[in-house]
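# Analysis of the macromolecular model
The lines below spell out each chain.
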Amino acid sequence: MEKMKTISNELQDWIIDTLKQGVSPLAITNGLIKKGFDARFAYETMFEIAFASSDIKGASTYQYEPVYLNEQPHSIVVDNQMVFVRSNFIKPTIIQLDHVLSDEECDFLIERAKCRLQPSKVIDANSGAEKAAAGRTSKGMYFKLQEDDFIARIEKRISLLTSYPIENGEGLQVLHYEVGDEYKSHFDFFPENRVDNRKGGQRIATMLIYLNDVESGGETIFPKINASFTPKKGSAVFFHYSNSLGEVDRKSLHSSLPVQRGEKWVATKWIRQKAID
Ligand SMILES: O=C(O)CCC(=O)C(=O)O
Ligand SMILES: [Fe+2]
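Residues numbered from 1 in each chain as written. Chains lettered and ligands numbered in written order. Predicted model: local features only at pLDDT ≥ 70, side-chain atom pairs only at ≥ 80, totals over all residues. Heavy atoms only, no water.

### Quick look at the overall build of the protein chain
Cut-off, in case you're wondering: Secondary structure follows DSSP: runs of H or I at least 4 residues long count as helices, runs of E at least 2 residues long count as strands, and numbering of each begins at the N terminus. Relative accessibility under 20% of the residue-type maximum defines a buried residue, over 50% an exposed one, and the middle range a partly exposed one, all with a 1.4 Å probe and only protein chains included. Residue contacts follow a heavy-atom distance rule, with two residues in contact if any of their heavy atoms lie within 4.5 Å. Under the convention used here, a 1.4 Å probe and the Shrake-Rupley method define accessible areas, while residue burial counts only the protein chains that appear.
A tally of regular secondary structure across the protein chain gives five helices and 17 strands. Counting over 277 residues, the protein chain shows a buried share of 51%. Taking the contacts inside the protein chain whose residues are at least 6 apart along the sequence as the reference set, 75% of them involve residues at least 24 apart. Entry remark: accessible area of the protein chain is about 13700 Å², with carbon and sulfur atoms responsible for 50%.

Right under this line is the structure:
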């Protein structure tokens, strides 16, 4: 059957109301796809509506607070590793870093992750359960926090760099994208009604580390500020999106563009407000 590619005004209003109730755009999009809408049309329409309604809600009032990486502006020595700050955006807060991991560390992480990959999931905003999502075609796996000495060393370096305790970090995630794989626009923070204060609370920042150079495609983009980051082995993009008032920064919307040639490997460390557990 031909997939639907138009949307009524009533349905648009219903989507805006549902978003206001805290249901995530991805959950609504998946609902639209199930109801017979074309997947790409559903994603594009959903994010147009989500942008518009986030502006109605005054999301641009997010108050930025200073974020420092280990005090020093251009190079940071942590754990015998000289990390370089390449660029620094304030709104949203994004810091681009070189030499977070050595080539050997990237290769070893990929090697360790390879045999444990599963199709990537997203969190369902209604049930809170993990489920497969059409907008996320990569495969991924999680290491346990401080699973062994090697993982613990990487986690310690991220903690030294960001000044957030290791215990605030979720287990390191490794993602693998093949040609055509992408991760559509999303926020890393949880919808307000899904924040579990007994388990670390809201996500506040992400350290996204590129584990290889991608032949073509696979950039991480922040569409609200037209920023694009090209994967480079061992380099990272650190972004921060929750403040001490409990507000979240909708400018931190981001996506991974489809890989066009080659493959893409990344490691993601999500950092919470408080220790998890
Ligand atoms: O692979 C990327 O560039 C983005 C990954 C991402 O957004 C995430 O893991 O939350
Ligand atoms: Fe993300």
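Back to the text.
### So, the site of ligand 1
Going by this rule: Nearness of a residue to a molecule or strand requires only that one of the residue's heavy atoms be within 4 Å of it. In protein, a polar contact means a hydrogen-donor-capable atom and an acceptor-capable atom, both N or O and within 3.5 Å, with residues adjacent in sequence counting only if both atoms are side-chain atoms; elsewhere, any N or O pair within 3.5 Å suffices. When residues are grouped by polarity, Ala, Val, Leu, Ile, Met, Phe, Trp, Tyr, Cys and Pro land in nonpolar, Asp, Glu, Lys and Arg in charged, and all others, Gly among them, in polar.
Near ligand 1 you find 14 residues, and of these Tyr-177, His-186, Thr-220, His-254 and Lys-264 are the closest. The separation between an oxygen atom of ligand 1 and a polar side-chain atom of Asp-188 is 3.1 Å. In the model, an oxygen atom of ligand 1 is placed 2.7 Å from a nitrogen or oxygen of the Lys-264 side chain. In isolation ligand 1 exposes 290 Å². Once the protein is present, 100% of that is buried. Sorting the residues of the shell around ligand 1 by element identifies strand S8 (173-177), strand S9 (183-186), strand S15 (254-256) and strand S17 (264-272) as the ones contributing at least two each. When residues of the shell around ligand 1 are assigned to their parent elements, the largest contribution, four residues, is made by S17. Considering only residue class, the shell around ligand 1 consists of six nonpolar, six polar and two charged.

### Some words on the coordination of the iron ion (ligand 2)
Which entries qualify depends on this criterion: A donor here means an N, O or S atom no more than 2.8 Å from the metal, or no more than 3.2 Å when the metal is Na, K or Ca. Since water is not included, a site may seem to lack partners.
Note on the iron ion (ligand 2): its protein donors are His-186 (NE2), Asp-188 (OD) and His-254 (NE2). The metal-donor distances range over 2.1 Å. Sequence positions of the residues that donate to the iron ion (ligand 2) give the spacing H-x1-D-x65-H. Remark: His-254 occurs in strand S15 and Asp-188 occurs in the loop between S9 and strand S10 (203-210); sequence separation between them is 66 residues. Asp-188 gets classed as buried once you look at its relative accessible area, which sits at 5%.

### Structural notes on the sheet that holds S9
Test applied: DSSP-based pairing: two strands are paired if at least 2 bridges between them are found. Only the stretch in contact is used when a helix axis is fitted, and all axes are lines through C-alpha atoms; the angle between N-to-C directions ranges over 0 to 180 degrees.
Across the sheet, four strands lie side by side as S9-S15-S12-S13; this open sheet has antiparallel pairing. For this open sheet the edge positions go to S9 and strand S13 (227-229), each flanked by a neighbour on one side alone. Between one strand axis and the next, the sheet turns by 15° as a mean value, whatever way the strands run. In terms of strand pairing, strand S12 (residues 220-222) meets S13 through three bridges, oriented antiparallel. Within the sheet, the bridge partner assigned to Ile-221 lies in S13 and is Ser-228.

### Focus: the environment of Glu-192
With respect to the secondary-structure elements, Glu-192 resides in the loop between S9 and S10. The sequence separation of Glu-192 and Val-23 amounts to 169 residues, and the corresponding C-alpha distance is 8.9 Å.

### Overview of the pairing of S10
For S10, the tally of buried residues reaches eight of eight residues, placing the bulk of the element in the interior. In the sheet, S10 pairs with S17 via seven bridges, with the strands oriented antiparallel. Paired with Leu-208 across the strands is Thr-268, a residue of S17. Where S10 and strand S14 (residues 236-240) come together, five bridges link them in antiparallel fashion. Each bridged residue has a counterpart across the sheet, and for Met-207 the counterpart in S14 is Phe-238.

### With respect to the confidence of the model for the protein chain
Interpretation of the predicted coordinates at a detailed level should be avoided for regions scoring low in pLDDT. Applicable threshold: Each residue gets a pLDDT score, which is the predictor's confidence in that residue and runs from 0 to 100.
Per-residue confidence for the protein chain gives a mean pLDDT of 87; residues scoring 70 or more make up 89%. The low-confidence segment residues 55-59, where pLDDT is below 50, has six contacts with residues more than four positions distant or belonging to other chains.

### Description of the nonpolar core
For the record, the criterion: For this analysis, a nonpolar core means a set of buried residues of the types Ala, Val, Leu, Ile, Met, Phe, Trp, Tyr and Cys, connected via side-chain atoms within 4.5 Å.
Among the nonpolar cores identified, the biggest contains 33 residues, and Leu-97, Leu-109, Val-174, Ile-209 and Leu-211 are the most heavily contacted of them. Secondary-structure elements contributing two or more residues to this core are strand S1 (75-78), strand S2 (81-89), strand S3 (93-98), helix H4 (103-114), helix H5 (149-162), S10, S14 and S17. The dominant element in this core, judged by the number of residues it contributes, is H5, at five residues. With residues near it in sequence (within four places) discarded, Leu-109 still touches Leu-101, Phe-143, Phe-150, Ile-151, Ile-154, Leu-172, Val-174, Leu-211 and Ala-267.

### Things to note about the packing of H4 against H5
For clarity, the cut-off: Angle categories are assigned with fixed cut-offs, so that under 35 degrees is roughly parallel, over 145 is roughly antiparallel, 65 to 115 is roughly perpendicular, and the rest are oblique. Handedness of a helix crossing follows the sense of rotation of the near helix relative to the far helix, less than a right angle counterclockwise being left-handed and clockwise being right-handed.
Where H4 contacts H5, the axes come no closer than 12 Å and their chain directions differ by 125°. In this view, H4 runs oblique relative to H5, as classed from their interaxial angle. In terms of crossing hand, the pair formed by H4 and H5 is left-handed. For the pair H4 and H5, the contacting residues are Glu-105, Phe-108, Leu-109 and Arg-112 in the first and Phe-150, Ile-151, Arg-153, Ile-154 and Arg-157 in the second.

### Observations regarding H5
How we decide: Expected span, for any helix, means 1.5 Å times one less than how many residues it has.
Helix length check: H5, at 14 residues, gives a terminal C-alpha distance of 20 Å against a target of 20 Å (1.5 Å per residue), a fit within 8%. Counting buried positions along H5 yields ten of 14 residues, so the element is predominantly enclosed. Listed in full, the buried residues belonging to H5 are Phe-150, Ile-151, Ala-152, Ile-154, Glu-155, Arg-157, Ile-158, Ser-159, Leu-161 and Thr-162. Close packing links the buried residues of H5 with S1, S2, H4, S10, S14 and S17. The backbone nitrogen of Phe-150 lies 3.2 Å from a side-chain oxygen of the residue at the head of H5, namely Asp-148. A positive phi of about 70° marks Ser-163, the residue just after H5.

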